[in-house]
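A look at the structure
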Amino acid sequence: SMAEGAGAGPRLAELLAAGRRLWEEVETGAEPSSGAPAVQDKVRQGLDALHRAAAMVAQLDLFSENEELEEIASADLKYLLLPALLGALTLKQVDLSRRLEHLESARAHFWRFLKLCRSYGLGTFHLPPATASPPGEEDAGSPSPGGPAAAQPSLVAMASSRQAKIERYKQKKELENRLASMRTFVESGQADEDQIREFYILQIQKWINTSLEEIESIDQEMVILRSRGTGKQSSAPLHGTSRQVRAPLKPFILTRDAAQAKVFGAGYPGLPTMTVDDWYEQRRKQGVVSGQSAPQRAPGITDEELQKQQQEKKEEEDDEEALQKARNWDDWKDTHPRGYGNRQNVG
């Protein structure tokens, strides 16, 4: 192949192999946190090796957008993966003050990989836009006919994108199984050129799926970071260790049922808004729900005995005063409409 001829072959192959090995160690690592210094060292070393390999590939002009897949030597196919691996490792960095920069950089790597794959006719997929559009600018160009209702994603589109995701997931699993069964065979040097070629093309297809998923996820995270302003306030990266970061509980309106919510709507002034935690606390005080944790039981106590103990405890707590309070509250509710006394903050 051209790379070997240029004398960079073994060196280039070593850099790719090192970067890839480090990525795999980080990805499947035993460390509980991707922020651990040992993990971040691997991330830095891996990025360094892959960046150097990518610079060599560019220098050697290994790939060009107007050549056919057949023109690439089988041994050189693996270098197509460089930008995808760079993207994956870039996301593993944990410096929160530079999160937005890392997301943009990773996205650019994944996008370059996808564009290269498209030019070689590898995989059938829609190439995402080259850059994530800032929030609010996605469809600023064309006002949607029919007002806000038309802007809602159609149920058909949502169902088909869900179907596409399921298909993608199935393909991914199939690809991973085929790759796993071929891997030892190829790495032990027993595979012929056709098999090596197939192995690398399967790897590229697997990374096409990964890149599409990552770009989607990056775009969502960027919207969140930009809406926060700088992205410095982010308490935990959305990528890496914990993808689903929980938002703090928003105050919400508790209504008796969905129909009531529909009738009154969120604008109805008489509905107090409270968080689920406040609600639990209030109900606990009224003796409706017991504390949130399961009752502690001493060893060797049967369910019946436990129930009896709890019953006795409850009876002790339900003294006259609590009963009186509950009765007073009921009487008060009978004579006061909902939202009484809550008029000062009506818009």
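Residues numbered from 1 in each chain as written. Predicted model: local features only at pLDDT ≥ 70, side-chain atom pairs only at ≥ 80, totals over all residues. Heavy atoms only, no water.

Structural notes on the overall build of the protein chain
For the protein chain, the helix and strand inventory stands at 12 helices and 2 strands. Counting from the amino terminus, the protein chain carries its helices and strands in the arrangement α-α-α-α-α-α-α-α-β-α-β-α-α-α. Expressed as a percentage of the 347 residues in the protein chain, the buried residues total 30%. Contacts in the protein chain between residues at least 24 apart in sequence constitute 67% of all its contacts with a sequence separation of at least 6. Roughly 22600 Å² of accessible area belongs to the protein chain as shown, and the carbon and sulfur atoms make up 53% of that amount. (Helix = DSSP H or I, 4+ residues; strand = E, 2+ residues; numbered from the N terminus. Buried < 20%, exposed > 50% of the residue type's maximum accessible area, 1.4 Å probe, protein only. Contact = heavy atoms within 4.5 Å. Areas by Shrake-Rupley, 256 points an atom, 1.4 Å probe, with all protein chains shown as cover.)

Notes on the side chain of Arg107
Residue position: Arg107 is located in helix H5 (residues 99-119). Beyond its immediate chain neighbours, meaning those up to four positions away, Arg107 contacts Pro128, Pro129, Ala130, Thr131, Ala132, Ile215, Ile218 and Asp219.

Notes on the nonpolar core
Soluble, globular proteins show a tendency: their nonpolar side chains are buried together. With 60 residues, the main nonpolar core has Phe63, Leu80, Phe113, Leu122, Ile204 and Ile208 as its most contacted residues. When residues of this core are traced back to their parent elements, those giving at least two are helix H2 (9-27), helix H3 (37-60), helix H4 (82-90), H5, helix H7 (155-187) and helix H8 (193-227). Examining the composition of this core, we find that 12 residues originate from one element, H8, more than from any other. Discounting residues that sit within four places of it in the chain, Phe113 has contacts with Leu80, Leu81, Pro83, Ala84, Ile204, Trp207, Ile208 and Ser211. (Core = buried A, V, L, I, M, F, W, Y, C linked by side-chain atoms within 4.5 Å.)

Some points on H5
Between its first and last C-alpha atoms H5 spans 30 Å; for 21 residues at 1.5 Å apiece the expected length is 30 Å, and the two agree. Taken from the residues just after H5, Gly121 is the one with a positive phi, measuring 70°. (Expected span 1.5 Å × (residues − 1).)

Observations concerning the packing of aromatic side chains
Pairs of aromatic rings are described using the distance from one ring centre to the other and the angle between the two planes. Scanning the model with the defined rule gives 3 aromatic pairs in all. Aromatic side chains Phe63 and Tyr120 sit 6.3 Å apart centroid to centroid with 80° between the ring planes, which places their arrangement in the edge-to-face category. Of the two residues, Phe63 is situated in the loop between H3 and H4 and Tyr120 in the loop between H5 and helix H6 (147-151); the sequence distance between them amounts to 57 residues. Using a relative accessible area of 6% as the deciding quantity, one classes Tyr120 as buried. Considering the side-chain rings of Phe199 and Tyr200, the 5.9 Å spacing of their centres and the 50° angle between planes classify their relative orientation as tilted. Across the pair, Tyr200 and Phe199 agree in class, each one buried. One cation-aromatic arrangement involves Arg118 over Phe125; the distance from NZ or CZ to the ring centre is 5.7 Å. (Phe/Tyr/Trp six-rings, centres within 6.5 Å; stacked < 30°, edge-to-face > 60°. Lys NZ or Arg CZ within 6 Å of the ring centre and 35° of its normal.)

Some words on the confidence of the model for the protein chain
Looking at the protein chain as a whole, the pLDDT averages 78, with 71% of positions reaching at least 70. Taken together, the stretch residues 1-6 has pLDDT below 50 and engages in 15 contacts with residues farther than four places along the chain or on a different chain. For the stretch residues 231-235, pLDDT sits under 50, and the model shows 9 contacts to residues farther than four places along the chain or on other chains. (pLDDT = per-residue confidence, 0-100.)

Examining the packing of H5 against H8
Interaxial distance between H5 and H8 falls to 9 Å at its minimum, and their mutual angle equals 150°. On the basis of their axis angle, the class for H5 and H8 is roughly antiparallel. In the crossing of H5 with H8, the sense of the turn from one axis to the other is left-handed. Residue classes in the contact of H5 with H8 are distributed as 16 nonpolar, 1 polar and 7 charged. (Axes fitted to C-alpha atoms, helices over the stretch in contact; angles between N-to-C directions. Parallel < 35°, antiparallel > 145°, perpendicular 65-115°, else oblique. Left-handed = near helix turned anticlockwise from the far one by under 90°. Nonpolar A, V, L, I, M, F, W, Y, C, P; charged D, E, K, R; others polar.)

Section: H8
Since one α-helical turn is 3.6 residues long, residues separated by three or four positions face the same way. Spanning 35 residues, H8 covers 51 Å between terminal C-alpha atoms, matching the ideal 51 Å at 1.5 Å per step. Backbone nitrogen of Asp194 and a side-chain oxygen of the N-cap are separated by 3.1 Å at the start of H8; the cap is Asp192. Looking one or two residues beyond H8, the residue adopting positive phi is Gly229, at roughly 105°. (Polar contact = N/O pair within 3.5 Å; in protein donor to acceptor, adjacent residues only side chain to side chain.)

Points about unusual backbone geometry
A positive phi angle, close to 55°, is found at Asp61, a residue other than glycine. Tracing the backbone through its elements, the reader meets Asp61 in the loop between H3 and H4.

Quick notes on the pattern of salt bridges
The full count for this structure, using the stated rule, is 19 salt bridges. When the shortest N-O distance is used, the salt bridge between Asp219 and Arg107 registers 2.7 Å. Of this pair, Asp219 sits in helix H8 while Arg107 sits in helix H5; the two residues are 112 residues apart in sequence, bridging distant segments of the chain. For Asp219, a relative accessible area of 23% corresponds to the partly exposed category. For Arg107, a relative accessible area of 2% gives the class buried. (Salt bridge = Lys/Arg side-chain N within 4 Å of Asp/Glu carboxyl O.)

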